[in-house]
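So the chains spell out like this:
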Amino acid sequence: MIRVVAVGLDGSPESLAAADWAARESLMSDLPLRLVHVGDQQPRAYVPFAGEPVPPAGADRSVTLLRETVVRLHHRHPGLRVDTEQLAGQPVAALVGAARDAELLVLGSRDLGTTAGFLLGSVASAVIARAEQPVVLVRAGAGAEDEHLSDASGTPTQATPYRDVVVGLDLSGADDTVLGFAFAAASRRAAGLRVVHGRSGPELQDEPGAASARLFPWKAKFPGVEVIEESVIGDAGSHLADASREASLVVVGCRVRRPALGAHIGPVTAAVLRRAATPVAVVPHD
């Protein structure tokens, strides 16, 4: 099976931003992109590209949306391999299934403003809690230049290097899957990796060097990635959200839970998703 990057598309500005982010990631990863639209609901209003007419009332606008988005992405990203799929059923189950068959799933998330960050909807929250593959959330209005350092005049531009990738390290849990995703993302971007781990309560007595020991094999595997360790006191979620303002991507973990335990994404991940100023990758782990 060819692994793909999948993106859920509904015509909203946030889903179109997610499609554009996924296209860039597909090219960096040398993976094809799959655009999916779920269910019988009509897509939300969107701005057609290159003079594409708006379908008449009663028409299946999802077909037009998917076709139009492919044209838009091919125009912006020459060489992109992309196909489309319409999925039946409820959005959460369908998107979780799409994630299962992909390297990662990319979803749009509404933007509450420059300081408030994401608004995590019920569908995205449920998908993140159930998905077996990483899920990336992209806010409306996010642009490629926002992931790069500003130039000498202070202007965002894609001509400069990528900002650091930021990852949250949980010293009390098994984070190898999360760290592997973060190191690979930083390597693809030729970016540094900023590792943030919080200490509170009994964790203040953690053995010195525990984080470095956990990172050592990944540094050996990715020798080209410059790693910056940052130990913080208190809630790691708020520190990660603050770090997102100078990051190209934030990577956090989400424990895989049995269905009987219900949907839960954890307080640190939830805090990051509420406040992050850049795309967030949520990586499931045992």
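Structure: see above.
What you are looking at is a predicted structure, and each value in this text was computed from that prediction instead of being measured.

(A) How the structure looks around the overall build of the protein. Counting its secondary structure elements, the protein contains 8 helices and 11 strands. When the 286 residues of the protein are sorted by exposure, 49% land in the buried category.

(B) The pairing of strand β2 (residues 33–38), seen in detail. Counted residue by residue, β2 has 5 buried out of 6 residues, so it is predominantly covered. Where the polypeptide runs from strand β1 (residues 5–8) across helix α1 (residues 13–29) and back to β2, its parallel neighbour, the crossover connection is right-handed. By the bridge criterion, 6 bridges tie β2 to strand β3 (residues 82–87) in an arrangement that is parallel. The residue bridging valine 36 from the neighbouring strand is glutamate 85, located in β3.

(C) The arrangement of the side chain of serine 12 in detail. Turning to its location among the elements, serine 12 is positioned in the loop between β1 and α1. For serine 12, a relative accessible area of 1% corresponds to the buried category. Polar contacts involving the side chain of serine 12 include one to the side chain of aspartate 10, which spans 2.6 Å.

(D) Structural context of the nonpolar core. Core analysis: the largest hydrophobic core is formed by 47 residues, its most contacted members being Leu33, Leu35, Val106, Leu193 and Val251. At 8 residues, helix α5 (residues 176–189) tops the list of elements feeding residues into this core. What valine 251 contacts, discounting residues up to four positions off in sequence, is Val165, Val166, Val167, Gly168, Val178, Phe181, Ala182, Ala281 and Val283. Listed in part, the 36 residues of the second largest apolar core include Ala6, Ala94, Ala102 and Val196.

(E) Spotlight on unusual backbone geometry. Notably, aspartate 30 is not glycine yet its phi reads approximately 55 degrees, a positive angle. Inspection of the secondary structure puts aspartate 30 in the loop between α1 and β2.

(F) Seen up close, the packing of α5 against helix α6 (residues 210–221). Packing of α5 against α6 leaves a shortest axis separation of 11 Å and a crossing angle of 40 degrees. Classified by the angle between their axes, α5 and α6 sit oblique to one another. You can see that α5 and α6 cross each other, and the crossing is right-handed. On the side of α5, the interface is formed by Asp176, Leu179, Gly180 and Phe183, while α6 contributes Arg214, Leu215, Trp218 and Lys219.

(G) Layout of helix α7 (residues 236–243). Every buried residue of α7 is listed here: Ala236, Gly237, Leu240, Ala241 and Ala243. One face of α7 carries all of its buried residues, which in axial projection span an arc of 160 degrees.

(H) Local environment of the packing of aromatic side chains. Considering all chains together, one arrives at 3 aromatic pairs under this definition. Taken together, the aromatic side chains of Phe183, Trp218 and Phe222 make up a single cluster linked through ring pairs. The residue whose ring lies beneath arginine 189 is tyrosine 162, and the NZ or CZ to ring-centre distance is 5.8 Å.

(I) Expanded view of α6. Residues Ala211, Leu215 and Trp218 constitute the buried set of α6. Viewed along the axis of α6, the buried residues span an arc of 50 degrees, placing them on a single side of the element. Away from its buried face, by an angle of more than 90 degrees, α6 presents the exposed residues Ala213, Phe216 and Ala220.

(J) Layout of the pattern of salt bridges. The full count for this structure, using the stated rule, is 14 salt bridges. A single salt-bridge network, built from bridges that share partners, covers Asp20, Arg24, Arg76 and Glu147.

Thresholds applied
Within every chain, residues take consecutive numbers counted from 1 along the sequence as written. In view of the model being predicted, local features appear only for residues whose pLDDT reaches at least 70, and side-chain atom pairs are presented and counted only at 80 or more, with totals across whole chains, interfaces and linings using the full set of residues. No hydrogens and no water enter the side-chain calculation; it runs on all heavy atoms of the structure. In DSSP terms, a helix is any run of H or I states spanning at least four residues, a strand is any run of E spanning at least two, and both are numbered starting from the N terminus. Burial classification: accessible surface area is computed with a 1.4 Å probe over protein chains only, and a residue below 20% of its type maximum counts as buried, one above 50% as exposed, and the rest as partly exposed. By convention a crossover is right-handed if, when the strands point away from the viewer, the path from the first strand over the helix to the second runs clockwise. Note: two strands are recorded as paired if DSSP finds a minimum of 2 bridges between them. Here a polar contact is taken to be a pair of N or O atoms separated by no more than 3.5 Å, where protein atoms must pair a possible hydrogen donor with a possible acceptor and residues adjacent in sequence count only if both atoms sit in side chains. Here, nonpolar core refers to any group of buried Ala, Val, Leu, Ile, Met, Phe, Trp, Tyr and Cys residues whose side-chain atoms link them within 4.5 Å. The contact criterion used is simple: two residues touch if any of their non-hydrogen atoms lie within 4.5 Å. Note on method: axes are straight lines fitted to C-alpha atoms, helices fitted across the in-contact stretch only, with angles between N-to-C directions ranging 0 to 180 degrees. Roughly parallel refers to an angle under 35 degrees, roughly antiparallel to one over 145, roughly perpendicular to one between 65 and 115, and oblique to any angle outside these ranges. The crossing is said to be left-handed when, going from far helix to near helix, the turn is anticlockwise and less than a right angle, and right-handed when the turn is clockwise. Summarising the geometry, the arc corresponds to the directions from the helix axis toward the C-beta atoms. Classification of ring pairs uses Phe, Tyr and Trp, with its six-membered ring standing for Trp, and accepts pairs whose centres are within 6.5 Å; under 30 degrees between planes counts as stacked, over 60 as edge-to-face, and the remaining range as tilted. The criterion for a charge sitting over a ring is simple: Lys NZ or Arg CZ within 6 Å of the ring centre, and within 35 degrees of the ring normal. Every case where a carboxyl oxygen of Asp or Glu lies within 4 Å of a side-chain nitrogen of Lys or Arg is listed as a salt bridge.

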